[in-house]
Amino acid sequence: MSNPRSQRGKDALEFHAKGRPGKIQVVPTKPLTTQRDLSLAYSPGVAEPCMEIFKDPAEVYKYTARGNLVAVISDGTAVLGLGDIGPLASKPVMEGKGVLFKKFADIDVFDLEVKATSPDQFIECVAALEPTFGGINLEDIKAPECFYIEEKLKQRMNIPVFHDDQHGTAIISGAALLNAVEIQKKSIGELKVVVSGAGASAIACAKFYVSLGVKLENILMCDSKGVLSTKRKFEAGDPKLEFVRDVAAVTMADAMVGADLMLGLSRAGLVTPEMLQTMAPRPIIFALANPDPEIDYPTAKETRPDAIVATGRSDYNNQVNNVLGFPFIFRGALDVRATQINEAMKVAAAHALAELARKDVPQVVNAAYGEEFHFGPEYIIPKPFDPRVLHWVAPAVAKAAMETGVAQIQLELDAYRERLQGLLGGSTAVMRKFVRMAAGAPKKVVFPEGDDPRILKACSIITEERIARPILLGDPQRIEKLIRDQDIDLLEGSYEIVDPREDPAASAYAEILHRRRERKGVTAELSRLLMRERNHFGMMMVAERRVDGIVTGLNFSYSDTIRPALQIIGIRPGARRICGMYLMLHKGGMLFFGDTTVNLDYDATTLADVAEMVAEAARTFGVTPRVAMLSFSNFGSVRDARSTMVADATALLRRRRPDLEVEGEMQANVAVDYALMQSIFPSTQLTGPANVLIFPNLEAGNVAYKLMRELGGVPAVGPVLLGMARPVTVLERDCSVDNIVHMTALTVVAAQKEEADAGGGGPQLV
């Protein structure tokens, strides 16, 4: 823990004290703005749910927050790095645990610090709280009392009880162990294991490793007095007794000879380089003491370059961090209303984490940590900020609970996984719908920038999700080398590589381009040269229906990418122009911004065209559009050529599309605040806050979406190009891998709609 006199210590104190003290607060989930709200929330209305629960206790999950509420409870007798500091001083730690539950799994927490004179008094206090909570997370309770307390509470309570100091470390390090033995080519059943430490975490880890396949007789445990052997005496009931062995080894150094795995849960400096040198070939070293490990990471790697090393520190590779476990284990347990967290659920969590670490790592994770991660000796467990952990681990835990009979409700796991993917962010929830739609009928999509690593990583996800069949343009040898060198998981046969310089269709494409553009100054020779350029070649593949859509633009300016699209593919029949749209996934719902990327010169007709196109696109996303034509003026409050243009566009669109809800000109805050809108303009035609925001020029639209994305933290999906004859997606240069995947899914869905419309009209894409 921090020294308050250090700068980091001062920063920590300021962090906790600044503004509202502490790290958590209670926020109401229902409106409390009128007398009616108060009468429903409390007396007399609250009597109704009370009586429903009285008649059927299961209704508590329908009418209260119990199903998503966990207690983090401690007596402060074994706070990490600080020891027995008592319940009051432990409160910042318990608040911190609550923040992690909320951040990573959207679980609400009350932290409870209990002043108890004995384990039995502590048990009585916690057991009496069962009606309040959906689960109990015990924290920082010293051994051996923690074993007794957890066991008694599990016997008495019909909700999950989980001592994270024991089981959290066991599960996360267990996941690391599963992958380490695979990489080191060892058999888990033959491992010789040495454990430094004999406290709660060490004993729990050793027991859990047995559940994973380690043989109990192959584990040697050491406490401060040396090896737990028959040469020593132990009291009856001592948790260490299970690990007492009849061996000659006396010291930790003796035990380490020939060991395959060293698990450290003791204190800094107990393991020396000389001890590591006596271990078996390709050893596994888990030095997990906090804040400083039994042997530091650099020394361990220097001493044994053939080793896989993990610590509890975030500044080295392979951090064993409990935050990878407890939020997601409780999420799965709560969602099936499990009566306990049993061994099968813990094993399922470990296997899920181990499997996830073998997958390609999302760009958002690499960006968060500033480096590239790949499964191997330096990456055997996922990173805490990997957003996939939630929908990877929680379903595995829920499935194990259902299979072992401790779940009180049954879930359809695919639907549950989809729900989890949207739990912590609207972007994922919305885009998963389109990913599913794309996977229902995948199409061929060409990627002119086939040798860009971001494209290749995105294509790995695209093929795994069966979103599309990627056609990569470029030098086949260079692309294949990139795939190998960066260890990108692209299966042979799941993609194609086309080199425009060698493709048999290049000459025919050049002739077609020449015929189409010869009156625009494009000669036969220039056509041949353009067909060697991948962007033009890709557009021609789309125009000639060799592929169903194109995704490009990472390495070109937006205008340089759109120009060949317009020249070769052209505008959709009936469309007046093209425009760019962004989906902003605000917590209040989807907002559609236009035009954000294409049209530079505006007049009233252009503005009306853009508004009509974006409104129709909103319908495609299952939204009833309410269009706001934005300006610095409200309903004629300022007479100016610019505000008049917006007002004229509003009138034009109303005449053209009387079926649309359109209002303007209006300021942005009025557009999204319906009460304010009604107070200023009671006769407004909108029936609610605007969700389609049309900006008076490209600068305003582009600035607005980027400010919302960067400063407001609102996920942005786009740009979506509207009005093209065939599906064309133009990416921004700073586009992430995840956004490439999402935009490819939208491209496929657009191709599906085009195909359905050509066959007599397809269903609405919702």
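See above for the structure.
For clarity, every value in this text was computed on a predicted model and none was experimentally measured.

The rules behind each value
- Sequence order as written defines the numbering, with residues in each chain counted from 1.
- In view of the model being predicted, local features appear only for residues whose pLDDT reaches at least 70, and side-chain atom pairs are presented and counted only at 80 or more, with totals across whole chains, interfaces and linings using the full set of residues.
- As a rule here, side-chain values cover all heavy atoms of the structure and leave hydrogens and water aside.
- We count a salt bridge whenever a side-chain nitrogen from Lys or Arg sits within 4 Å of a carboxyl oxygen from Asp or Glu.
- Three labels apply to residues, based on accessible area from a 1.4 Å probe with only protein chains included: buried if under 20% of the type maximum, exposed if over 50%, partly exposed otherwise in between.
- Helical segments are the DSSP runs of H or I of at least four residues, strand segments are the runs of E of at least two, and each set is numbered from the N terminus.
- We define a polar contact as two N or O atoms separated by no more than 3.5 Å, with the added condition that, inside protein, one atom must be a possible hydrogen donor and the other a possible acceptor, whereas residues neighbouring each other in sequence contribute only through side-chain atom pairs.
- When DSSP locates at least two bridges between a pair of strands, those strands are taken to pair.
- Note on definitions: angles span 0 to 180 degrees between N-to-C directions of axes, and those axes are lines fitted to C-alpha atoms, for helices only across the stretch in contact.
- Only heavy atoms enter the contact rule, under which two residues are in contact if any of them lie within 4.5 Å.

Visitor: Break down the pattern of salt bridges for me, citing the residues and quoting the values.
Guide: Applying the stated criterion across every chain yields a total of 53 salt bridges. Close ionic contact of Arg 232 with Asp 223 constitutes a salt bridge, the shortest N to O distance being 2.8 Å. Here Arg 232 falls in the partly exposed class, since its relative accessible area comes to 21%. Judged by its relative accessible area of 15%, Asp 223 is buried. Here Lys 444 and Glu 496 are joined by a salt bridge, their closest N and O atoms 3.7 Å apart. Placement of Lys 444 in strand E11 (residues 443-447) and of Glu 496 in strand E13 (residues 496-498) is noted, with a sequence separation of 52 residues between them.

Visitor: Quick one: what's the story with the environment of Arg 478, residue by residue and with numbers?
Guide: Residue placement: Arg 478 occurs in helix H21 (residues 476-485). Residue classification places Arg 478 among the partly exposed residues on the basis of a relative accessible area of 45%. Placed 28 residues apart in sequence, Arg 478 and Gly 450 show a C-alpha to C-alpha distance of 9.5 Å. In terms of polar contacts, Arg 478 uses its side chain to reach the side chain of Asp 451, at 3.2 Å.

Visitor: Give me the sheet that holds E11: which residues, what numbers.
Guide: Ordered by their spatial adjacency, five strands build an open sheet running E13-E12-E11-E14-E21, and the pairing between neighbours is parallel. Of all the strands in the sheet, the pair left with one neighbour each is E13 and strand E21 (728-730). Geometrically, the sheet is characterised by an average inter-axis angle of 25° between neighbouring strands, direction not taken into account. Strand direction decides the pairing type here: strand E14 (residues 549-552) and E21, joined by three bridges, are parallel. Residue pairing across strands places Thr 552 opposite Val 730, the latter belonging to E21. Relative to strand E12 (residues 468-473), helix H20 (residues 453-464) is tilted by about 155°, and along the sheet it contacts E11 and E12.

Visitor: Any chance you could break down the sheet that holds strand E20 (residues 716-722) for me, citing the residues and the numbers?
Guide: Strand order across the open sheet formed by six strands is E18-E17-E19-E16-E15-E20, with mixed pairing between neighbours. Edge positions in the open sheet fall to strand E18 (661-666) and E20, since each of these has one partner strand only. In this sheet, adjacent strand axes meet at a mean angle of 20° when their direction is disregarded. Its contacts with the sheet place helix H27 (residues 641-656) against strand E17 (626-630) and E18, and it is angled at close to 170° to E18.

The values are spatial; any link to function lies outside them.
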